[in-house]
Amino acid sequence: MQTYIVLPYEKHRQIPDEFHDDDNRTPESLVEFFISQFTQPGDIVFDPFAGLGTTLLVAEEMSRVPFGIEADEQRYEYVRSQLTMKDNIILGDSRNLDKFNLPRIDFVFTSPIFMRCDETENPLSGFREPGTYQDYLDQLQDIFRKLRGSLKPGAKVIVEAFNLGATSKRPMTLLAWDVARALSGALKFEKEIIACWEGTGRTDTQHIYGYNHSYCLMFDSK
Ligand SMILES: C[S@@+](CC[C@H](N)C(=O)[O-])C[C@H]1O[C@@H](n2cnc3c(N)ncnc32)[C@H](O)[C@@H]1O
């Protein structure tokens, strides 16, 4: 498999106005690419950080069975309203993933909520609990360790992450590399695939993160 891909930066789906200021969706083209590569119709595709549901909605459109967890109630309600398989999105905290009655999963695509290394509130708690960057990485590792028990043998897990560029006031966060290292403690790290963007929207991502490519970290269920 090629280790870099170039895809259109497209988000076709219209979302309600309330989400426009915090539209951190994954481009649909990226999800489509990996679902095509690693799944067949009827397979179960899971996202533990469902957000506005790109993984689940694309999976359903491609005749796969979507499953996901989302902690934010408004986002959960929106995704639920868009899915045909409405009960396949769970409102909850992925840190408790082992408490949910998940099916056996064929494939995972996810973009976890990110944290900068100088932040002091844990994004995995909805920024409600204090926590260091190391706490965040440890908890992410724990989520993927719990996930391992629900994966079918040979299931691939793709985690999209960025490094976060320095700003005038903030240090660089090597998020993609730190996430790769942390999750390697839970799953078998196989390779990174670098996603580059063509077309509209590219400058937006560069503006936010300092880069216009992302790392798709590929793991095997071990
Ligand atoms: C980067 S967004 C995912 C975007 C998604 N890929 C999409 O295209 O819409 C990360 C999501 O993780 C959710 N989240 C954060 N902590 C969580 C947790 N502990 N359990 C489940 N969801 C969580 C956030 O509310 C946010 O919607």
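Residues numbered from 1 in each chain as written. Predicted model: local features only at pLDDT ≥ 70, side-chain atom pairs only at ≥ 80, totals over all residues. Heavy atoms only, no water.

**Student:** With reference to specific residues and values, describe the pattern of salt bridges.
**Tutor:** Per the stated rule, a full pass over the model turns up 19 salt bridges. Among the salt bridges present, the one from R80 reaches D87, with a minimum N-O distance of 3.1 Å. Given the relative accessible area of 26%, R80 is considered partly exposed. The closest approach of N and O atoms between D142 and R145, which form a salt bridge, is 3.9 Å. Here D142 pairs with R145, and both are found in helix α4 (residues 133–148), just three residues apart, close to one helical turn. Taking relative accessible area as the criterion, R145 reaches 35% and is therefore assigned partly exposed. (Salt bridge = Lys/Arg side-chain N within 4 Å of Asp/Glu carboxyl O. Buried < 20%, exposed > 50% of the residue type's maximum accessible area, 1.4 Å probe, protein only. Helix = DSSP H or I, 4+ residues; strand = E, 2+ residues; numbered from the N terminus.)

**Student:** Which residues make up the packing of aromatic side chains, and what are the values?
**Tutor:** This model, assessed by the stated rule, comprises nine aromatic pairs. Between F34 and F38, the aromatic rings sit 6.4 Å apart at their centres with planes inclined by 5°, giving stacked as the arrangement. Of this pair, F34 and F38 both sit in helix α1 (residues 28–38), four residues apart, roughly one helical turn. Given the relative accessible area of 0%, F34 is considered buried. Aromatic pair F189 and F219: ring centres 5.2 Å apart, planes at 50°, arrangement tilted. (Phe/Tyr/Trp six-rings, centres within 6.5 Å; stacked < 30°, edge-to-face > 60°.)

**Student:** Hey, could you go over the site of the ligand for me, with residue numbers and the actual values?
**Tutor:** Surrounding the ligand, one finds 21 residues, the nearest of these being T26, L52, T54, E70 and S94. Backbone polar atom of L124 to a nitrogen atom of the ligand: 2.9 Å apart, as the coordinates give it. For the ligand, whose accessible area on its own is 610 Å², the fraction buried by protein is 94%. When the residues that make up the shell around the ligand are grouped by side-chain class, the tally is eight nonpolar, eight polar and five charged. (Near = heavy atom within 4 Å. Polar contact = N/O pair within 3.5 Å; in protein donor to acceptor, adjacent residues only side chain to side chain. Areas by Shrake-Rupley, 256 points an atom, 1.4 Å probe, with all protein chains shown as cover. Nonpolar A, V, L, I, M, F, W, Y, C, P; charged D, E, K, R; others polar.)

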